[in-house]
Structures are given as structure tokens and as C-alpha cells.
Amino acid sequence: MTKRILILPGDGIGPEIVAEAVKVLNRLIADGLDLELEYGLVGGAAYDASGQPLPAETLAQARAADAILLGAVGGPQYESLDRPLRPEQGLLGLRAELGLFSNLRPAILYPQLAGASTLRPEVVSGLDMMIVRELTGGIYFGQPRGVRILENGEREGFNTLVYRESEIERIARSAFEIARKRGRKLCSVDKANVLEVTELWRTVVKEVGRDYPDVELSHMYVDNAAMQLVRAPKQFDVIVTTNMFGDILSDAAAMLTGSIGMLPSASLDANAKGMYEPIHGSAPDIAGKSIANPLATILSVGMMLRYSFGLADDADRIAAAVSNVLDQGLRTADIATAGQTAVTTAGMGDAVVAAIM
Ligand code: IPM
Ligand code: MG
């Protein structure tokens, strides 16, 4: 059956990197994969066209699609808009409306890039971990939220960190299932020593853990986890954590791999319908310069094939092609080390397509 993929390039470098991932998809279509691509608008691009970061039409397209490939959203020109109109609301709206609660962010160090990390090669070489970030709850979505004026005229900003038991349970199950298919080690990251809500998080994760006696469960406070990630990252197999802690820790994990330009992600609902995107942002400072690294987006296509379409072999072909171009010494500016000439965004994309076996 034809799989329908909605492509949402978004803002900044989004259109440039997505164009390279589409080359990869077209190559797979030429090889016989039954995929149909459709385009839509989200973020600042949608706001410019229609006055809304998540137009009803885009949401309808997203609901109808079997999977979504998204570039990135945001840019300085939108920062002064009212919050509901900002590009980020397009992304957060898609996550919430589609129920994409389970966000998988693998951090894998390609051996060819051991020298590109800011950490010593022996600390990061062989790194292969997965952060499972809760994506539709927590402080990102909790009510009440806002900025109010107190009686004395002072302004007060507030957000609410809230998790229901059912939300914790389903993300914990996702993470245990993933750990089971990997190294069978799960570390749940919380701040249970200070925050009641994450004390409940810890309790519920432990309860779910009774169904997974084959997975070794540990717990870590988030401040310690941040330190351990840069001290000895290879101790981790799978991390499960809240929306905001996962946002922060996954950027730190990205740098272990040499560049945030290397990390793909999958955001899945309960039926493995997913939205796939690089974990980096729209990088407005380098947009339009043809220097952005398309590999995170290309690897996101690989995750789509694996998690939404069950095409593990084709996902492996993409991963092998990426490894092959790195072997050839091809580097975009973000992963080039001294003496290496950087290729353009399109140069990298073309090379990956050519390397697909
Ligand atoms: C991410 C991003 C988003 C987030 C922003 C763009 C809203 O940082 O996907 O990690 O905070 O979730
Ligand atoms: Mg982030």
C-alpha cells in the first residue's frame, strides 16, 4: 500500500536540509518503494502565508499522512509575535494534536567523527544511546501558565509542571520496550528530591518496571545526569525523562556525537505513526548559505522507514550510506576538523544518494 509522507520544510535551514532528505526519498522511490510525497506549510513559513503557524489545512494533511518529515521552525523575525502565532507553536501544536508523546532521540557517534566531538575520543568512541523524551505533557503544556500583574504592580511569570500517572506510564512503557530491543538498561531521569511531580514519575516508572524484570532500571537526578552525560556518557543505554529535561539533555547528548547536525529524531503516537525531524533548530544564522548539515534530516528518514513503515533494511541502507560518505572524508562545516574541506549541503545530500546501495 502507498505510504503518504507529508513534507514540512519549515523555516531557516529547514528547506535546505529537507531538500536533501527528499533526494534520498526519491532515490528509494526509484528503487521501488511505494511512497507518495506531499508538501505543507508550518511555522514561520505558514505564518507568512496564512497568518497561522499551524493552519487547519496543514493539520488535516498531517492527520491524513502516514508519516511526517519536518525540517525546523523559528526565526528572529517572529520572536516579537504573540505567543500563539510563533513558529514553535506550529511544532508544539502538531505534537499535541497528533498525540506524539514518545520522542526518540538516539545519540550515536560515528567512529569517523570521534575527533569532531569536543570531548576526548576515548570518552565518546562507541557511544550509542537513546533518549526517550516525553513530548506532549509536562511544563511545556501544563496549565495554568502566563504572566500576570500582582497587586503591587510587579509582573509574575508562571508555568505548571504536571504529569498524570497515565502519561508517565505510557512513556515508561515505550522506553522499557526500546531498552528491551537494545542493551536492556534504562535510566529514568527526574528531580524527585525537589519536585513532587517527578517523585510520582519515579514511583510510576518503578511500578511499570515490574513488567520488565529483564531490563535493568536505574534512577538519576537531572543535574547528575547532565554531569554524567559529559563525564562518562557510555554508561547510558536508554534514558527516559520529562519533556523539558529531555529537551535539555538531548542537546547535550548531541554534542557528544560531534555535531547537533548529526542527530535525527522520531516522535511517535500510540500506533507508531510518527513525525520525524532533526533535533537541531532552524539555525537562521546559517540559513541560505548552503553549509547546513543535512545528515540529521536524512537519518530522520531512516527512522521513519524503521519505526513507521517497518522497513528496517531500507533504514539500514541509509545508515550505511551515511557511514560511507563519512568514510570518503566528506564533511559539512560543522563536522569538519582542521585540514578538511567542507562540502555544501547539496554536496553532502548528493553523496549520500550516490552511496545508497
Ligand atoms: C526541540 C526544540 C523544540 C522543543 C522547540 C523548537 C519548541 O528545541 O525539538 O528540541 O523545545 O521541543
Ligand atoms: Mg530542543
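Residues numbered from 1 in each chain as written. Chains lettered and ligands numbered in written order. Predicted model: local features only at pLDDT ≥ 70, side-chain atom pairs only at ≥ 80, totals over all residues. Heavy atoms only, no water.

### Digging into the overall build of the chain
To keep it simple, the criterion reads: By definition, any uninterrupted DSSP run of H or I lasting at least four residues is a helix, any uninterrupted run of E lasting at least two residues is a strand, and each is numbered from the N terminus. In this description the radius of gyration comes from C-alpha coordinates, and the expected globular size is given by 2.2 Å times residues to the power 0.38. In this analysis, two residues are considered to be in contact whenever any of their non-hydrogen atoms come within 4.5 Å of each other. For the area figures, the Shrake-Rupley method with a 1.4 Å probe applies, and any residue is considered shielded solely by the protein chains shown. Note on charges: Lys and Arg go in the positive column, Asp and Glu in the negative column, and His and the chain ends are not counted at all. Here the site of a charge means NZ on Lys, CZ on Arg, CG on Asp, or CD on Glu.
A count of helical and extended segments in the chain gives twelve helices and twelve strands. For 357 residues, the compact-globule formula gives about 21 Å, and the C-alpha radius of gyration of the chain, at 20 Å, lands near that figure. Its C-alpha atoms give the chain principal-axis dimensions of roughly 60 × 50 × 45 Å. Restricting the contact set of the chain to residue pairs at least 6 apart, pairs at least 24 apart contribute 75%. Just so you have it, the chain exposes about 15200 Å², and 52% of that area is on carbon and sulfur atoms. For the chain, the centre of its 33 positive side-chain charges and the centre of its 44 negative side-chain charges are spaced 4 Å apart.

### With respect to the pattern of salt bridges
Side-chain pairs of opposite charge can arise where the charged atoms are in close proximity. Cut-off, in case you're wondering: Throughout this description, the term salt bridge denotes a Lys or Arg side-chain nitrogen within 4 Å of a carboxyl oxygen of Asp or Glu. Buried, partly exposed and exposed residues are distinguished by accessible area as a fraction of the type maximum, computed with a 1.4 Å probe on protein chains only: under 20%, between the cut-offs, and over 50%, respectively.
For the coordinates displayed, the defined rule picks out 20 salt bridges. Between D211 and R173 there is a salt bridge, with its nearest N and O atoms 3.0 Å apart. Linking D211 in the loop between α7 (196-209) and β9 (216-221) with R173 in helix α6 (residues 165-181), this pair joins segments that are 38 residues apart in sequence. The class for D211 is partly exposed, based on a relative accessible area of 45%. Here the salt bridges share partners, and the residues they tie into one network are R27, D31, D314 and R317.

### Topic: helix α10 (residues 295-307)
Quick reminder of the rule: Residue count minus one, scaled by 1.5 Å, sets the expected span of a helix.
The terminal C-alpha atoms of α10 lie 18 Å apart, and with 13 residues this matches the ideal 18 Å at 1.5 Å per residue to within 8%. Regarding α10, the residues found buried are L295, A296, T297, I298, L299, S300, V301, G302, M303, M304 and L305.

### Points about the domain arrangement of the chain
In plain terms, the rule: For the domain bounds, the source is a domain assignment made automatically or taken from a database. As used here, buried area is the combined drop in accessible area, with a 1.4 Å probe, of two parts when they are placed together. A 3.5 Å cut-off defines polar contacts: any pair of N or O atoms within that distance qualifies, except that in protein one atom must be a possible hydrogen donor and the other a possible acceptor, and neighbouring residues in sequence count only when both atoms are side-chain atoms. Each residue is assigned to one of three groups, with Ala, Val, Leu, Ile, Met, Phe, Trp, Tyr, Cys and Pro labelled nonpolar, Asp, Glu, Lys and Arg labelled charged, and all others, Gly among them, labelled polar.
Here the chain is described as being made up of domain 1 (1-101 + 273-357) and domain 2 (103-268). Centre-to-centre separation of domain 1 and domain 2, based on C-alpha positions: 23 Å. Taken together, the contacts link 30 residues of domain 1 with 33 residues of domain 2. Carbon and sulfur atoms make up 65% of the area that domain 1 and domain 2 hide from each other, which totals about 2700 Å². On inspection of domain 1 and its partner domain 2, the count reaches zero salt bridges. Our count for the domain 1 to domain 2 interface comes out at eleven residue pairs in polar contact (both at pLDDT 80 or more). Breaking the side of domain 1 that touches domain 2 down by element, the ones donating at least two residues are α4 (87-97), β12 (274-278), α10 and α11 (312-327). Looking at the side of domain 1 that touches domain 2, the element that brings in the most residues is α10, giving six residues. Residue composition of the side of domain 1 that touches domain 2, by class: 17 nonpolar, seven polar and six charged.

### Re the site of ligand 1
What counts is decided by this rule: Summary of the distance rule: residues count as near a molecule or strand when at least one heavy atom falls within 4 Å of that molecule or strand. Site definitions follow a grid-based scheme: protein atoms alone, a 1 Å grid, a 1.4 Å probe that fits but cannot get out for cavities, and for pockets an open set with protein on both sides within 12 Å along at least five of seven lines, plus lining residues having an atom within 4 Å of a point. More than half of a molecule's atoms within 2 Å of the grid points is what it takes for that molecule to sit in a cavity or pocket.
Around ligand 1, a shell composed of E88, L91, R95, R105, R133, Y140 and D247 is seen. The separation between an oxygen atom of ligand 1 and a polar side-chain atom of R105 is 2.8 Å. Between ligand 1 and R133, the relevant distance is 2.9 Å, taken from an oxygen atom to a side-chain nitrogen or oxygen of the residue. Protein chains bury 77% of the 320 Å² of accessible surface belonging to ligand 1 in isolation. In this structure the site holding ligand 1 corresponds to the second largest pocket. The greatest single-element share of the shell around ligand 1, amounting to three residues, is contributed by α4. Residues that form the shell around ligand 1 fall into these classes: two nonpolar, no polar and five charged.

### Things to note about the packing of aromatic side chains
Short version of the rule: Aromatic contacts are taken between Phe, Tyr and Trp rings whose centres are within 6.5 Å, Trp giving its six-membered ring; a plane angle under 30 degrees counts as stacked, one over 60 as edge-to-face, and the others as tilted. In this analysis the charged atom, NZ for Lys or CZ for Arg, is taken to sit over a ring once it is within 6 Å of the ring centre and within 35 degrees of the ring normal.
What the rule picks out here adds up to three aromatic pairs. For the pair Y47 and Y78, a centre-to-centre distance of 6.2 Å together with 80° between the ring planes defines the contact as edge-to-face. You can see Y47 sitting in helix α2 (residues 44-50) and its partner Y78 sitting in the loop between β3 (67-72) and α4, a full 31 residues away along the chain. Ring plane angle 10° and centroid distance 4.8 Å describe the contact between F176 and Y212, whose orientation is recorded as stacked. Separated by 36 residues along the polypeptide, F176 in helix α6 and Y212 in the loop between α7 and β9 bring together distant segments of the chain. The residue whose ring lies beneath R133 is Y140, and the NZ or CZ to ring-centre distance is 5.2 Å. The ring of F101 carries R170 above its face, with NZ or CZ at 4.2 Å from the centroid.

### What about the sheet that holds strand β4 (residues 102-108)?
Strand pairing in a sheet is mediated by backbone hydrogen bonds. Such pairs are either parallel or antiparallel. Going by this rule: Between any two strands, pairing holds if DSSP finds at least two bridges. Axis definition: a line fit to C-alpha positions, over the contact stretch in the case of helices; interaxial angles, taken between N-to-C directions, run 0 to 180 degrees.
The ten strands are arranged β2-β1-β3-β12-β11-β4-β5-β10-β8-β9 in an open sheet whose pairing can be described as mixed. Two strands in the sheet have a free side with no partner beyond their single neighbour: β2 (35-39) and β9. Pairs of neighbouring strands in the sheet enclose a mean axial angle of 20°, with direction left out of account. In this structure, strand β1 (residues 3-10) lies alongside β3, joined through five bridges in parallel fashion. Bridge pairing links I5 to A67 in β3. In this fold helix α8 (residues 222-231) packs onto β5 (128-134), β8 (185-190) and β9, with an angle of close to 105° to the strand it touches most, β9.

### Quick word on the pairing of β8
Going by this rule: Looking down the strands as they point away from you, a crossover is right-handed if its path from the first strand over the helix to the second goes clockwise.
Taking burial as the measure, the six residues of β8 include five buried ones, the bulk of the element. The pairing of β8 with β9 spans six bridges and is parallel. Across the sheet, D190 pairs through a bridge with Y221, a residue of β9. Between β8 and its parallel partner β9, the chain crosses via α7, and the hand of that crossover is right-handed. As defined by bridge partners, β8 adjoins strand β10 (residues 238-241) across four bridges and the pair is classed as parallel. Of the residues in β10, the one forming a bridge with C187 is I239.

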